[in-house]
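Notes for the structure review
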Amino acid sequence: MSRSNFWQQLSTPFFLPDIGTFFNQDINLALDLINQLAQAKVSVLKGEILHSADICLAGDTIEKYYNSANNTMVKENYRALIERKVVSLDDYRLIFDHARAQSMAIILSVYDEQGADFAKEIGCMAIKIASSNITHQPLIEYIAAKQLPMILDTGHSTLEEVLRAVSWARDAGNYDLLIEHSPPAPPNDVKLHNLRFMQTMGQAAGTPFGLSDHHNGDEMLFAATAMGAIILEKGVCPNNMAAEQDGAHAMPINQVAQTIEKINNIASALGNGYRELPRYRAKYHSRMGLVAKVDIAQGQCLSLANVSFAFPALGIATEYWSEVQGVKTSRDITAKSVINWCDING
């Protein structure tokens, strides 16, 4: 098995809009979200395969999430939440066939073996292990064996748990791994984002890294771009959906195009870390040269008392000051005149 990494071949970071299950079983809404993302020139779509409510036990477990519209915490039975999010595989096929028809590649979160099989069957680009499954050894190994690029979401996990999951995937023969930092969502303080941990995990595991952004704004996406993130994942939902689960930190779909443009601008501006300029180029006209501050008589030594500086550098440039300071003039130089090499005794 070659240890070259799929993610390392990506030349620039890319924005990964996650429509997840924001459409709440409304397939037409899902198709409309995809159409809008296509108009924003999105090339890769993020979704999930949540096809069975049985991944959650029936009972009294409560899921809490933030409603940013009225600054309250919502409590919902976890099984009931999952049940209203479940979509059949046939409907998922319809949704993602539509995305491919828009020339989009697909990355999918899966929660069981059947979902993983389906993701590979429909030709997804990569499979993501959700943060809740970072300790799910059987699922990680099953997906790793499919030899598709993988994303490991690391929310709510320790570095030890992250590295253990990486080892499970590699032991199963998969080295196409990307670690995704997943900070806590609102109303948690932004200080808990700890974006440098994203780099720490990548360095510790020897993998590329990305961000699953849970901030209620776009700043973290731009910061992560500058820090070397390969993937910039962000929930994308219909406008005015702050009361839905994860809606508090999702991006309204009408902001996607502008966000992508900013990310691309930042990535382009980072460059390669070098500046190569032709030696015989036209020099910057605002660089300065030597000018007589006062009348200088023949035989006087050049000093800061009788020399000033101005641009452009028509005569002796300022970078040669240490060579000409204290040198005697070979002729009289009138005040405000450019000092040339022929004006001094060489």
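Throughout this document, residue positions are counted from 1 along each chain, in the order its sequence is written. Totals for whole chains, interfaces and linings use every residue, but because this is a predicted model, local features are given only for residues with pLDDT of at least 70 and side-chain atom pairs only at 80 or more, for both listing and counting. In computing side-chain values, all of the structure's heavy atoms are included and hydrogens and water are not.

Note on patches: the residues involved have over 30% relative accessible area and no salt bridge, like charges join within 9 Å, and the nonpolar side chains Val, Leu, Ile, Met, Phe, Trp and Tyr join within 5 Å. For accessible areas, the Shrake-Rupley method is used with a probe of radius 1.4 Å. Any residue's cover is judged against the shown protein chains and nothing else. The working definition used for a salt bridge is a side-chain nitrogen of Lys or Arg within 4 Å of a carboxyl oxygen of Asp or Glu. A surface patch of nonpolar side chains, about 370 Å² in accessible area, is lined by M288, L304, F309 and F311. Residue placement: F311 occurs in the loop between strand 13 (307-310) and helix 10 (321-324). Only runs of H or I of at least four residues qualify as helices and only runs of E of at least two qualify as strands under DSSP, and these elements are numbered from the N terminus.

In this structure the tally under the stated criterion is 15 salt bridges. With a closest N to O distance of 3.8 Å, E233 and K46 form a salt bridge. Of this pair, E233 sits in strand 10 (residues 231-237) while K46 sits in strand 2 (residues 44-49); the two residues are 187 residues apart in sequence, bridging distant segments of the chain. What makes E233 buried here is its relative accessible area of 3%. Burial status follows relative accessibility: with a 1.4 Å probe on protein chains alone, a residue under 20% of its type maximum counts as buried, one over 50% as exposed, and anything between as partly exposed. Taking the relative accessible area as the measure of exposure, K46 reaches 2% and is therefore buried. The closest approach of N and O atoms between E121 and R93, which form a salt bridge, is 3.0 Å. Here the residue E121 occupies a position in helix 4 (residues 113-121), and R93 occupies one in helix 3 (residues 89-101), the gap between them amounting to 28 residues. Its relative accessible area of 54% is what places E121 among the exposed residues. In this structure R93 comes out as partly exposed when scored by relative accessible area, which is 29%.

For strand 5 (residues 105-110), a buried count of five out of six residues is recorded, marking the element as mostly surrounded by other parts of the structure. Pairing between strands requires that DSSP locate at least two bridges from one strand to the other. Sheet analysis places strand 2 next to strand 5, joined by six bridges and oriented parallel. Bridging across to strand 5, L45 finds its partner in I106. In this sheet, strand 6 (residues 126-129) lies alongside strand 5 in parallel orientation, the contact comprising four bridges. In the sheet register, S109 faces strand 6, and the bridge partner there is K128. Since strand 5 and strand 6 lie parallel, the crossover through helix 4 that links them has a hand, and here it is right-handed. With strands facing away from the observer, any crossover in which the path from the first strand over the helix to the second runs clockwise is taken as right-handed.

Note that all results are geometric; they support no functional claim without further evidence.
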